[in-house]
Amino acid sequence: MPTSSASDAPAETAASKTPAASGGVQSLERAFDLLERMADAGGEVGLSELSASSGLPLPTIHRLMRTLVACGYVRQQTNRRYSLGPRLIRLGESASRLLGTWARPYLARLVEETGETANMALLDGDEIVYVAQVPSKHSMRMFTEVGRRVLPHSTGVGKALLAHASPDEVRALLARTGMPAATEKTITTPEGFLAALDDVRRTGYAVDDNEQEIGVRCLAVPVPDSPTAAAISISGPAGRVTEAATDKIVPVLQQVAVELSAALASATPGS
């Protein structure tokens, strides 16, 4: 009967699509896993390296990489190795802006409770990039343009983001970027910077004490378990961000970082 055949057809169609849908989801998971492994390896790998780290057979990896290359998310080099592709830049920039949007209410709370300008920054390659800011209400306040890039060695957020990297990783980064002096107080030796990172691990927060700009102090903490390495900070005139003020500000920074981490986790699918 017409009614019966009409009701049976969708059921058959849905059943026939189930294996393909399941396979498609698995392929997506594997493709994103490969992209993350490439990022962890510095952005360029060979197929055998991906096979060894992922446990997937070479034919499977080759098929996935061929698709990613066709979509522009991966690029095949002349040496037959694979690197992350340019289309990821657009996705990363959009995600960074969204991350900054999510962070703004938490930065606004920092401003209310500390009185100083609040920032959020990410480690992008070898550089620090500021993705969000809420300015202080004081007439004398610090201002950092969202999107500004700086080197990690002269910033509180840089120290917070690199505190748990291995000494070898930190030395390699510093060798690539150099350690130019922004002020007379900038740390300009790898040993000095590694000692500063020891202090961050010991105290739980990082300090930029006139190292990026004379007259300015910054206090920073990492955002724990952030989907991408992130740190939040406050910055203000050294006359206001004193040692006494630090004792009051740091617990607020740490609490807001924990709450921001929870908000980011709840916004992540599957969490």
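A quick note: this is a predicted structure, and the numbers were derived from the prediction, not measured.

Rules behind the numbers
- What you see as residue numbers is a count from 1 along each chain, following the sequence as written.
- Reporting of local features is limited, given that this is a predicted model, to residues whose pLDDT is at least 70; pairs of side-chain atoms are given and counted only at 80 or more, and all residues count toward the totals for whole chains, interfaces and linings.
- Computation of side-chain values covers all heavy atoms of the structure but excludes hydrogens and water.
- In this text, helices come from DSSP runs of H or I with a minimum length of four residues, and strands from runs of E with a minimum of two, each type numbered from the N-terminal end.
- Between buried and exposed lies partly exposed: a residue is buried under 20% and exposed over 50% of the maximum accessible area for its type, with that area taken using a 1.4 Å probe on protein chains only.
- Throughout, a contact is declared for two residues whenever any of their heavy atoms are within 4.5 Å.
- Areas reported here follow the Shrake-Rupley algorithm with a probe of radius 1.4 Å; residue values treat only the protein chains shown as occluding.
- Predictor confidence is given residue by residue as pLDDT, running from a minimum of 0 to a maximum of 100.
- A pair of strands is labelled paired if DSSP reports no fewer than 2 bridges between them.
- In this description, a line fitted to the C-alpha atoms serves as the axis of each element, helices being fitted only across the stretch in contact, and the angle between N-to-C directions of two axes falls anywhere from 0 to 180 degrees.

Chemist: So what exactly am I meant to see when it comes to the overall build of the chain here?
Modeler: Along the chain, the regular secondary structure elements total eight helices and nine strands. For the chain, the proportion of its 271 residues judged to be buried stands at 39%. Here the contacts in the chain between residues at least 6 apart in sequence split such that 56% fall between residues at least 24 apart. Surface accessibility of the chain: about 14,700 Å² in total, with carbon and sulfur atoms responsible for 55%.

Chemist: Would you take a moment to explain the confidence of the model for the chain for this structure?
Modeler: Keep in mind that low pLDDT regions are not for reading the predicted coordinates in detail. Here the chain averages 85 in pLDDT, while 86% of its residues score no lower than 70. Across residues 1-22, confidence stays below pLDDT 50; counting only partners more than four residues off in sequence or on other chains, it has zero contacts.

Chemist: Help me out: how do you make sense of the sheet that holds strand β1 (residues 44-45) in this one?
Modeler: Each strand in a sheet pairs with its neighbour through backbone hydrogen bonds, running either in the same direction (parallel) or in the opposite one (antiparallel). Taking strand neighbours across the sheet as the criterion, the three strands line up as β1-β3-β2 in an open arrangement whose pairing is antiparallel. Since the sheet does not close on itself, it has two edges, and those belong to β1 and β2 (74-76), each with one partner. As paired strands, β2 and strand β3 (residues 82-84) are joined by three bridges and run antiparallel to one another. Residue pairing across strands places Q76 opposite Y82, the latter belonging to β3. On top of the sheet, helix α3 (residues 58-71) reaches β2 and β3; it is set at about 105° to β2, its chief contact.

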